[in-house]
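Read off the chains here:
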Amino acid sequence: MPPELPRYDNAAAWYGPDMADRSDWILQLDAQDVTEIDAATQAGIARGQDLVSLRESDFVLPGLAVRLREARQAVLHGRGFVLLRGWPGTQRSVQENAWAFCGIGAHLGESVSQNAKGHVLGHVTNLGVDFRDPTTRGYQTGEGLSFHTDGGDVVGLLCLRPSKAGGLSRIASSTTIWNETVRRRADLARELMSPYPHSRAGEIGAGQHSTFHVPVFQPCDDHMVCVLVPSYIAKALAFEGVPRLRPEQKEALKLVNTLASDPGIYLDMNFQPGDMQFLCNHSILHSRTAYEDWPELDRRRHLLRLWLACPDGPMLPDNLTTEFQGATASGRPNGIEVPGVGLHAPLMP
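Bear in mind that the values here come from a model prediction, so they are computed numbers and not experimental data.

Each helix and strand in the protein was counted, giving eight helices and 17 strands. A globule of 349 residues ought to have a C-alpha radius of gyration of about 20 Å, and the protein, at 19 Å, matches this closely. Seen through its C-alpha atoms, the protein measures out along the principal axes to roughly 55 × 45 × 45 Å. In the protein, which comprises 349 residues, the proportion classed as buried is 56%. Taking contacts inside the protein between residues at least 6 apart in sequence as the whole, the part at least 24 apart equals 81%. On the protein, roughly 14700 Å² of surface is accessible, and the fraction owed to carbon and sulfur atoms is 52%.

Laid out in structure tokens, this is it:
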């Protein structure tokens, strides 16, 4: 560990109230943008192309592409997030929404698998499963989720239907949380640079083990990289041979959650139907408040999800593609790949 802990003064180190007063992180789609997305969507459906193979060159957006390149730069090398608003999702079929979302995602990166089933298009909705089950993923429940990171370089969400109440998307700059940890408790900042055990929740790739160990924070080049999945850490402790967390490690995790949960640090987004959110996992922690769903099945909260690998993403520590995940052909984190399982883009949960 370096004798002096670094602090960062860059675009990734932001505070929620400041962002709430700005609108530059919202990419508002206009009528021409929607026309372009619709045209590319219908062309792709007419070709009969599989969404798994969709690439940027397959989804032509003559005007919008320029603004998406700017958004990609901001997500990967700037503030770490963008919200696209104005897509009329309620007026489109699930297939059309999936094509629009995956097509826009292809302008940011390559879709990678999100689970052991090889799904490159995920569905975030309450399936009625028990979150206490070691194999249950938080997105399959209606529970509130603690601040965490996902796989790949970027996680994207498209809101098809919001919940009846609750379910706010809450994000925080992990760079700001690091800076604040150094300022308040440098001793705990050092703890967060030590490896923490994580469970793979039964989704084990080639050459991988049931658990892996990575630090929560790692400096890399001129930025700070964060990996944090609290539910994976908790589930890892159930495995025989995994060392218990030291009191200092527990205290450090608690401080991260306390800081991320501070209204002076986090930013809330109340998703509207059609909203598309893209976050950089390496510099953004995200969570969700618990929600109450509609009793009718066809009205229940439903989001589509993407994990994207971005060849032009930020420099990363080697252990993100050796311990945490594997690597794509371009050397970026590849999500969850299980031997013998092909990639799929299911249109239903």
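Read on for the rest.
In this section: helix α5 (residues 174-184). Judged by how many residues are buried, α5 sits mostly within the fold: nine of 11 residues are covered. Turning to α5, its buried residues number three or more, namely S174, T175, T176, I177, W178, N179, E180, T181 and V182.

Formed by 38 residues in total, the largest nonpolar core has its most connected members in I37, L84 and F278. Judged by nonpolar contacts, the second largest core, of 28 residues, contains I177, V182, A189 and L192.

All right, on to the pattern of salt bridges then. Within the structure shown, the criterion is met by 14 salt bridges. Of the charged contacts, one joins E248 and R246 as a salt bridge, the two residues approaching to 3.6 Å between their closest N and O atoms. Each of the salt bridges in this network shares a partner with another, and the network as a whole consists of E180, R183 and R184.

Turning next to the sheet that holds strand β5 (residues 145-148). Here four strands make up an open sheet; going across it, the order is β5-β15-β8-β13 and the pairing antiparallel. Whereas interior strands pair on both sides, the edge strands pair on one side only; in this sheet they are β5 and β13 (267-269). Taken over all neighbouring pairs, the strand axes of this sheet differ in orientation by 20 degrees on average, direction set aside. Note: strand β8 (residues 169-173) against β13, three bridges, orientation antiparallel.

Considering all chains together, one arrives at five aromatic pairs under this definition. Ring centres of W14 and F81 lie 5.2 Å apart, and the angle between their planes is 55 degrees; on these two criteria the pair is classed as tilted. On the criterion of sequence distance, the pair formed by W14 in the segment before α1 (16-20) and F81 in strand β2 (residues 81-85) is long-range, its members being 67 residues apart. The exposure classification of W14 matches that of F81, with both residues buried. Ring centres of F101 and F278 lie 5.9 Å apart, and the angle between their planes is 35 degrees; on these two criteria the pair is classed as tilted. Of the two residues, F101 is situated in helix α4 (residues 94-106) and F278 in strand β14 (residues 276-280); the sequence distance between them amounts to 177 residues. Note on F278: relative accessible area 0%, which makes it buried. Above the ring of F81, the side-chain terminus of R79 is found at 5.8 Å from the ring centroid. In this structure, R92 is placed above the aromatic ring of W87, and the distance from its NZ or CZ to the ring centre is 5.2 Å.

As for its placement among the helices and strands, I177 is situated in helix α5. In sequence terms I177 and L228 are 51 residues apart; their C-alpha atoms lie 12 Å from each other. Those residues in contact with I177, other than ones at most four positions away along the chain, are A172, F217, V256, L259, A260, I265 and L285.

Viewed as axis vectors pointing N to C, helix α2 (residues 31-47) and α4 meet at an angle of 110 degrees, and their least axial separation amounts to 9 Å. In terms of orientation, α2 and α4 fall into the roughly perpendicular class. Along the contact surface, α2 presents I37, T41, Q42, G44, I45 and R47, while α4 presents Q95, E96, W99, A100 and I104.

The next thing to look at is the pairing of β8. Summarising burial for β8: five of the five residues are buried, a large majority. Burial along β8 is two-sided: S169, I171 and S173 and R170 and A172, pointing in opposite directions, are all buried.

Moving on, we get to a nonpolar patch on the surface. Together, V94, L347 and M348 give the surface a local cluster of nonpolar side chains, amounting to about 250 Å² of exposed area. Along the chain, V94 falls in helix α4. V94 gets classed as partly exposed once you look at its relative accessible area, which sits at 33%.

Relative to the 18 Å expected for 13 residues at 1.5 Å per residue, α4 spans 18 Å between its end C-alpha atoms, a close match to the ideal helical length. Counting buried residues in α4 gives 10 out of 13 residues, a clear majority hidden from the surface. By the burial criterion, the buried members of α4 are N97, A98, W99, A100, F101, C102, G103, I104, G105 and A106. Of the surrounding secondary structure, the elements contacted by the buried residues of α4 are α2, α3 (64-77), β2, β6 (154-161), β14 and β17 (302-309).

Here is what the cut-offs are and how they apply
Residues numbered from 1 in each chain as written. Predicted model: local features only at pLDDT ≥ 70, side-chain atom pairs only at ≥ 80, totals over all residues. Heavy atoms only, no water. Helix = DSSP H or I, 4+ residues; strand = E, 2+ residues; numbered from the N terminus. Rg over C-alpha atoms; globule rule 2.2 N^0.38 Å. Buried < 20%, exposed > 50% of the residue type's maximum accessible area, 1.4 Å probe, protein only. Contact = heavy atoms within 4.5 Å. Areas by Shrake-Rupley, 256 points an atom, 1.4 Å probe, with all protein chains shown as cover. Core = buried A, V, L, I, M, F, W, Y, C linked by side-chain atoms within 4.5 Å. Salt bridge = Lys/Arg side-chain N within 4 Å of Asp/Glu carboxyl O. Pairing = 2+ DSSP bridges. Axes fitted to C-alpha atoms, helices over the stretch in contact; angles between N-to-C directions. Phe/Tyr/Trp six-rings, centres within 6.5 Å; stacked < 30°, edge-to-face > 60°. Lys NZ or Arg CZ within 6 Å of the ring centre and 35° of its normal. Parallel < 35°, antiparallel > 145°, perpendicular 65-115°, else oblique. Patch = residues over 30% accessible without salt bridge, like charges linked within 9 Å, V, L, I, M, F, W, Y side chains within 5 Å. Expected span 1.5 Å × (residues − 1).

These results come straight from atomic positions and should not be treated as a statement about function.
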